[in-house]
Every structure is written in structure tokens, then in C-alpha cells.
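Residue strings, one per chain:
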Amino acid sequence: MTPETPPPPPNQPHKRLYIGGLLVLLASLLLHLIIISWARGLIALPSAKPPDNTMVVAATLESEPPAIPKPKIVAAKPKPRPRPAAPAPVPPAAVAETGSIPNHEPPAESASDSNIAAAEIPEPTAPVAEEGTAYRIDLPPSASLKYDIQKIPKEGAPTYGSGTISWQTDGSRYTVDGDFGVLFITALRFKSSGTISDIGIVPELYSEKRFRRAETNTHFQHEPAQISFSASTQSYPRTGGEQDRASIIWQLAGIGRGDSEKFVAGASIDLFVAGTRDAETWHILVIGQEDIMIDGVSTTAWHVARAPKRGSYDQKLDIWLAPQQNWYPVRLRYTEANGDYLDMSLTRLNVSAPH
């Protein structure tokens, strides 16, 4: 059996022409679409020049920029501080044994350090002495006194030293020399000299030298009768009975020996006292009798105290005078305005033989 011969394949060239015509037609349509789209701006044609990424900002320039007004700064005025109320006067019963009359400041010591409570100090039983009161004077004999010193600061540790006071008199003239030292430094040196009359001590010159300060002189002149100072232009008339800061202690001792009835708890002994720059009446308050230890021995002494005026930076002064020892000052305390104080306690007393 003879196999059938397959039909011949279709003509290949005709097929290729058909496919090529179809591709040309599609390319023509695509080209027309691209041209139409480009014309409408839908397609951006690439450019030979690289794209510029610079941002262009349109601005209108003016010849001068408008001035901007500066803000006005006004400083607020501070409100005035209210004035503190004036402190009430301190009665004598408010004085504690610390030896200082309160001056509206924190006390230098706590109440536990006091030997006498405020309530134990009696109210005044004698009229306050008027300025110019005459006193009978009997000055103590010459003597040299040595003291142990404690300087007690309001804050910090205390320091220790020694001091001496020399009281010399021949009945018509006198001198008082003193020096106080702490830690081998002479903190204060002073001297008072003058005459003695029926009213007691009559100073002529008082000099004072403090550590790192110039010496000052206070003159008690006779012609003209006035008190003048090297450290200021102040002057005061002399009328009799004026004292300086050194002689006041011995004048009080003379009053105690010659007019002891003036020492009554609550009484005041008023004396005009000159310092280094000015002078004023010192109101010496008699606090009362106290038993104190002097060099290990109990001694009864009259405690008197002077406080400066309110607002003053002057020292407070406390003095203990022992009647059994010729009214010598057996203890002294100087209190500064900031609360620091210097306490002096007698350790040796050498009395000179009378002339």
C-alpha cells in the first residue's frame, strides 16, 4: 500500500509579508499617538541639556526696607521694703546674767549659760539718777590686775588670751594703762591720765590703739573747756564729771567705795563718757549682786551694765565690782553689735602699798 504524500506547506514568503505589514501598521499607529500626545503636552521629550534643579523665586525689590520699630523697654520700679516696726523698750527685768542688756539682737549665750534668770532680777526700787547727780567718791588704792580672756564669737570656736590693767594714783593724779591680747596679738591698748578732785576722776587725755588701726586721742581741754577728738571734728563742752572709756570703771569703783547706797538693784548711775569719736551719757544699770567664781574662789560682786542706744554699733559693757576687794573690777565683758564678746576674769591682783 502506497503511503499518502502530505500536502505541501503553505507559501512561507506570503506569511512573512503579512506579519511585516501588520507590524508596520502598529508602528505607524504608535507613532501617530506619540506625535498627538506630544502636541498636547502630555509627554515631555528628553532634552540633550541636563535638567536644571535650581529653584527660581520671583521677588520684588524695593529701594529701602521699611524700618521696624524697636520695642520700648521700661524697667519696673522695685517696691519699697516695709520698714521694720520699732522695737519696744526693754525693762530692767529683761536683763539676763549674760552681762549684757538686750539691744534687740539675738543673745550671745543661751539661757542655760546664765547664772541669774531674768525673772530673778528685781524691779527698780530706787529712782533713776538724773544727769549731773553728785556722788561721794573714794577711789581704790593703786593696783595691777591680770585677767584671763575668752573671745566668744557668735559663730565658730572661742579663742583665749590675757589682759592687764594698771591703776595708779597718788591722790592728786592718776593713770590707767591696759592691754588685751588674744592668740599672742594685742587686740587693744589704751591709756587714760588726768587729775583727781572732789568729784573723782578728771581725765585729761585718753588714747586707744586697736589692732591694725591708727591710734586715736581724746582731749579733755581746760582752755577752752571742751572735749575734742583726733578721729573726728566733734566737740563737747566740759561741765564737770566727764569720763572716758577707761576711767569710767574706776569712777564707778570710787562711787561704790564712797557712796555704796547708790548701788541698789534697778537703779541707774548716769555719767557722761567720751569715746574715740564722740561722747554721750551712759546709763549704767545696777543689775544686782551676784556670786561669781574668780580664779576658783566664789566672790560676791555688784553687776552693772551699759547698753548703747538702739541702732548704735558701739560696744555693750558689763562690769562686776567686788566690795570685799576694794571694789576692783573682778570681771569685765565687752559685747560687740554682732554678738561677739570678750570676757575677762581676774586671775591675779597686786595692790600697791599706800603712799
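Residues numbered from 1 in each chain as written. Predicted model: local features only at pLDDT ≥ 70, side-chain atom pairs only at ≥ 80, totals over all residues. Heavy atoms only, no water.

We now examine the overall build of the protein. Helices and strands together make up the secondary structure of the protein, namely two helices and 15 strands. Here the protein, with 355 residues, has 36% of them falling under the buried criterion. Counting contacts in the protein only where the partners sit at least 6 residues apart, residues at least 24 apart contribute 49% of the total. Roughly 22800 Å² of accessible area belongs to the protein as shown, and the carbon and sulfur atoms make up 58% of that amount. (Helix = DSSP H or I, 4+ residues; strand = E, 2+ residues; numbered from the N terminus. Buried < 20%, exposed > 50% of the residue type's maximum accessible area, 1.4 Å probe, protein only. Contact = heavy atoms within 4.5 Å. Areas by Shrake-Rupley, 256 points an atom, 1.4 Å probe, with all protein chains shown as cover.)

To continue, consider the side chain of arginine 331. Position of arginine 331 relative to the elements: it lies in strand E14 (residues 328-335). Only 3.1 Å separates the side chain of arginine 331 from the side chain of aspartate 343, close enough to count as a polar contact. (Polar contact = N/O pair within 3.5 Å; in protein donor to acceptor, adjacent residues only side chain to side chain.)

Tallied over the entire structure, the rule returns nine salt bridges. A salt bridge links glutamate 261 to arginine 136; its shortest N-O distance comes to 2.3 Å. Taken together, the residues glutamate 261 in the loop between helix H2 (247-258) and strand E10 (268-274) and arginine 136 in the loop between helix H1 (12-39) and strand E1 (143-152) connect sequence positions 125 residues apart. Here arginine 136 falls in the partly exposed class, since its relative accessible area comes to 46%. Through salt bridges with shared partners, one network takes in Arg136, Asp259, Glu261 and Lys262. (Salt bridge = Lys/Arg side-chain N within 4 Å of Asp/Glu carboxyl O.)

Right, let's talk about a nonpolar patch on the surface for a bit. A cluster of nonpolar side chains, contributed by Leu22, Leu23, Leu25 and Leu26, occupies part of the molecular surface with about 390 Å² of accessible area. Assignment of secondary structure puts leucine 25 in helix H1. (Patch = residues over 30% accessible without salt bridge, like charges linked within 9 Å, V, L, I, M, F, W, Y side chains within 5 Å.)

So, on to unusual backbone geometry. The step from glutamate 223 to proline 224 runs through a cis peptide bond, and the omega angle for that step is -5°. Its place among the elements puts proline 224 in the loop between strand E6 (216-220) and strand E7 (226-229). Its identity as a non-glycine residue notwithstanding, arginine 212 has a phi of 65°, on the positive side. Among the secondary structure elements, arginine 212 is positioned in the loop between strand E5 (200-210) and E6. Phi is positive for tryptophan 327, close to 65°, though the residue is something other than glycine. Positionally, tryptophan 327 belongs in the loop between strand E13 (316-322) and E14. We classify tryptophan 327 as buried; its relative accessible area is 7%.

Within a regular strand, side chains alternate between the sheet's two faces. Of all seven residues making up E10, seven are buried, and the element is well covered by its neighbours. Here E10 shows a buried face lined by Ser268, Asp270, Phe272 and Ala274 and a second buried face lined by Ile269, Leu271 and Val273. Relative to E10, strand E9 (residues 243-244) runs parallel, the two being bridged by two bridges. What sits directly across from aspartate 244, in E10, is alanine 274. Taken together, E9, H2 and E10 constitute a β-α-β crossover, and its handedness is right-handed. Of the pairings in the sheet, the one linking E10 to strand E11 (residues 279-294) comprises seven bridges and is antiparallel in character. Paired with valine 273 across the strands is glutamate 280, a residue of E11. (Pairing = 2+ DSSP bridges. Right-handed = clockwise from strand over helix to strand, strands pointing away.)

This next bit is on H2. Side chains of residues three or four places apart in an α-helix project in the same direction, reflecting 3.6 residues per turn. The terminal C-alpha atoms of H2, which comprises twelve residues, lie 16 Å apart, in line with the 16 Å expected from a rise of 1.5 Å per residue. The element H2 is extensively covered by neighbouring structure, given that ten of its twelve residues are classed as buried. Every buried residue of H2 is listed here: Ser247, Ile248, Ile249, Trp250, Gln251, Leu252, Ala253, Gly254, Ile255 and Gly256. (Expected span 1.5 Å × (residues − 1).)

By the definition in use, this model includes nine aromatic pairs. Judged by centre distance (6.1 Å) and plane angle (70°), the rings of tryptophan 250 and tyrosine 328 are edge-to-face. Of this pair, tryptophan 250 sits in helix H2 while tyrosine 328 sits in strand E14, placing them 78 residues apart in sequence. A single burial state applies to tryptophan 250 and to tyrosine 328, both of which are buried. One aromatic cluster in this structure is built from Trp167, Tyr174, Trp250 and Tyr328. Above the plane of the ring of tryptophan 320 lies arginine 331, whose end atom (NZ or CZ) is 4.5 Å from the centre. (Phe/Tyr/Trp six-rings, centres within 6.5 Å; stacked < 30°, edge-to-face > 60°. Lys NZ or Arg CZ within 6 Å of the ring centre and 35° of its normal.)

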